[in-house]
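One-letter residues, chain by chain:
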Amino acid sequence: MACKRAAHKAALEIPHLTAAPSTSSVADSLAGSTTEVTWSLLTHLVWNGNNTINLLSQQAHIQVILHAAIQLVERELVFECYFPRPKLRHTMMVNLVLEVASSVEHKGVLQHLEQDQAYAKAFAKVPDGRIGLIRRKLKDISDRVVPGAYGVKMGDDEKINRLLNLMTFIYKFDGKGNPVFSQPFDHPAINTVCQLAFFTSQDQVGIKYKDRFVSVLDDNDEPEVPNSMVSAVVTAIFSSLLDLKSVVDGGRERGDFGQGLIGMFDNNMEMLNGIYAKGPHVYHSLMARKYKAVSNVVDFASAELKAAFARIDFDGMSID
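Residues numbered from 1 in each chain as written. Predicted model: local features only at pLDDT ≥ 70, side-chain atom pairs only at ≥ 80, totals over all residues. Heavy atoms only, no water.

*Asks:* Would you explain the overall build of the chain in this entry?
*Replies:* Scanning the chain from terminus to terminus reveals 14 helices and zero strands. The order of helices and strands in the chain, counted from the N terminus, is α-α-α-α-α-α-α-α-α-α-α-α-α-α. In the chain, which comprises 320 residues, the share counted as buried stands at 46%. Considering only contacts within the chain whose residues lie at least 6 apart along the sequence, 70% involve residues at least 24 apart. Carbon and sulfur atoms form 55% of the exposed surface of the chain, whose accessible area is close to 16700 Å². (Helix = DSSP H or I, 4+ residues; strand = E, 2+ residues; numbered from the N terminus. Buried < 20%, exposed > 50% of the residue type's maximum accessible area, 1.4 Å probe, protein only. Contact = heavy atoms within 4.5 Å. Areas by Shrake-Rupley, 256 points an atom, 1.4 Å probe, with all protein chains shown as cover.)

Written out as structure tokens, the structure reads:
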């Protein structure tokens, strides 16, 4: 919905994998089909024994493509889906590689990617391998913010359980510590984690891809945070709260922020989509307000600089 509109609006001309690019299966390709196309040496990969590739073992121009694809992974997670299921995850990573390959000189590599599933799969595994590291950064930020933001420490099980019950932790609290049910996804911790993770430096996605923050409304173009970003942050906070319980829930390891949290992420997405379904303007107000809150660190710095500059007494400055 909102996040997909932002991503697709900015990428209409990028080649995407929409169907099987060749008649042979991946297994057949890995084994070597009898109808195999002879590709230029410029497209060849250096393979490991397990049918994967190492970035640094490849030709220089292929390394460039892989490096560029890695740089786009977090953008794809934030604006498309932070916890994609396996099939979507693979397609997202292949599309990143296709996007990069379409913008460089070596069109042979792009053609090979489009026509050979095994080749595309090998490429896609390299950026895919960075997903865990990207998620880990978000989780580390959440782990630092959550104790102070919610007033909890390790072993505060009763309080943590109250916060987790019916997702109470996503709401803003009133002066008496009660959740305000008209303000979902408005707990200050959500904005704090979001800002620290995505909006505090020029190389973070919130600033680097500023043009991808769009509105779901046709009559109001105020930028919004995408639902995937908010859902990812809420999922990280949920995981941080679980980690503070004295006993780890069954089937889960303390510190986990991997595929096991897909269900929680999907729940968050469903809640946000439910708000949109109830009222697109209410949804827009929530997400646009969040964008202003989390992105104002840049505007504030700019305003501070302008204010400081305005204080200079240029008339009184001496000329040597």
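Having put the structure on the table, let's press on.
*Asks:* Looking at this structure, I do not really get unusual backbone geometry. What am I missing?
*Replies:* Peptide bonds are, in most cases, trans, and in most cases residues other than glycine have a negative phi. One non-glycine residue, Asn51, lies in the positive phi region at around 60°. Summarising the element assignment, Asn51 is placed in the loop between helix 2 (26-31) and helix 3 (60-71). You will see that Phe185, though not glycine, has its phi angle at about 60°, which is positive. Its place among the elements puts Phe185 in the loop between helix 9 (157-164) and helix 10 (188-198).

*Asks:* Before we go on, may I ask you to explain the packing of helix 10 against helix 12 (residues 227-243) in this structure?
*Replies:* Each pair of packed helices can be described by the angle between their axes along with the distance between the axes. One way to put it is that helix 10 packs onto helix 12 with a least axis distance of 10 Å and a crossing angle of 110°. The angle between the axes of helix 10 and helix 12 places the two elements in the roughly perpendicular class. Crossing of helix 10 over helix 12 shows right-handed handedness. In this structure, helix 10 contributes Ala189, Ile190, Val193, Cys194 and Phe198 to the contact, and helix 12 contributes Met229, Val233, Val234 and Ile237. Each residue belonging to the contact of helix 10 with helix 12 can be placed in one class, and the counts come to nine nonpolar, no polar and no charged. (Axes fitted to C-alpha atoms, helices over the stretch in contact; angles between N-to-C directions. Parallel < 35°, antiparallel > 145°, perpendicular 65-115°, else oblique. Left-handed = near helix turned anticlockwise from the far one by under 90°. Nonpolar A, V, L, I, M, F, W, Y, C, P; charged D, E, K, R; others polar.)

*Asks:* Would you explain the packing of aromatic side chains in this entry?
*Replies:* Centre distance and the angle of the planes are the two values used to describe a pair of aromatic rings. Scanning the entire structure with this criterion turns up 11 aromatic pairs. Both rings, one in Phe83 and one in Phe265, keep their centres 5.6 Å apart while their planes meet at 45°; by these two values the pair is tilted. Taken as a pair, Phe83 in the loop between helix 4 (73-79) and helix 5 (86-101) and Phe265 in helix 13 (residues 262-278) lie far apart in primary sequence, 182 residues in all. Taking the relative accessible area as the measure of exposure, Phe83 reaches 1% and is therefore buried. With relative accessibility at 1%, the residue Phe265 sits in the buried group. Ring geometry for Phe213 versus Tyr291: centroids 5.0 Å apart, planes at 45°, classification tilted. Of this pair, Phe213 sits in the loop between helix 11 (205-208) and helix 12 while Tyr291 is found in helix 14 (residues 280-310), placing the two residues 78 residues apart along the sequence. Classification of Tyr291 as buried rests on a relative accessible area of 7%. Site record: aromatic cluster; members linked through ring pairs are Phe79, Phe199, Phe213 and Tyr291. A cation over a ring is seen here: Arg75 above Tyr209, with NZ or CZ 5.8 Å from the ring centre. (Phe/Tyr/Trp six-rings, centres within 6.5 Å; stacked < 30°, edge-to-face > 60°. Lys NZ or Arg CZ within 6 Å of the ring centre and 35° of its normal.)

*Asks:* Teacher, can you tell me more about the pattern of salt bridges here?
*Replies:* Note that side chains of opposite charge can pair when their charged atoms are close. Throughout the structure, instances matching the rule amount to 14 salt bridges. In this structure, Arg75 and Glu99 form a salt bridge, with 2.7 Å as the shortest nitrogen-oxygen distance. With Arg75 in helix 4 and Glu99 in helix 5, this residue pair connects regions lying 24 residues apart in the sequence. When its relative accessible area of 15% is taken as the criterion, Glu99 is described as buried. Where Asp186 meets Arg289, a salt bridge forms, and the shortest distance between an N and an O atom there is 2.8 Å. Placement of Asp186 in the loop between helix 9 and helix 10 and of Arg289 in helix 14 is noted, with a sequence separation of 103 residues between them. Taking the relative accessible area as the measure of exposure, Asp186 reaches 11% and is therefore buried. (Salt bridge = Lys/Arg side-chain N within 4 Å of Asp/Glu carboxyl O.)

*Asks:* Sorry if this is basic, but what is going on with the environment of Gly132 here?
*Replies:* As for its placement among the helices and strands, Gly132 is situated in helix 8 (residues 131-150). Classification of Gly132 by relative accessible area gives partly exposed; the value is 45%. In this structure, the C-alpha to C-alpha distance between Gly132 and Gln259, residues 127 residues apart in sequence, is 9.4 Å.

*Asks:* Just checking my understanding: could you explain the nonpolar core for this structure?
*Replies:* Side chains of a nonpolar character, in soluble globular proteins, are inclined to be buried together. With 86 residues, the main nonpolar core has Tyr82, Phe123, Leu138, Phe169, Phe198 and Ile237 as its most contacted residues. A per-element tally of this core places helix 12 first, with 10 residues. Ignoring anything within four residues of it in the chain, the contact list for Phe169 reads Tyr150, Leu163, Leu164, His187, Val234, Ile237, Phe238, Leu241 and Met264. (Core = buried A, V, L, I, M, F, W, Y, C linked by side-chain atoms within 4.5 Å.)

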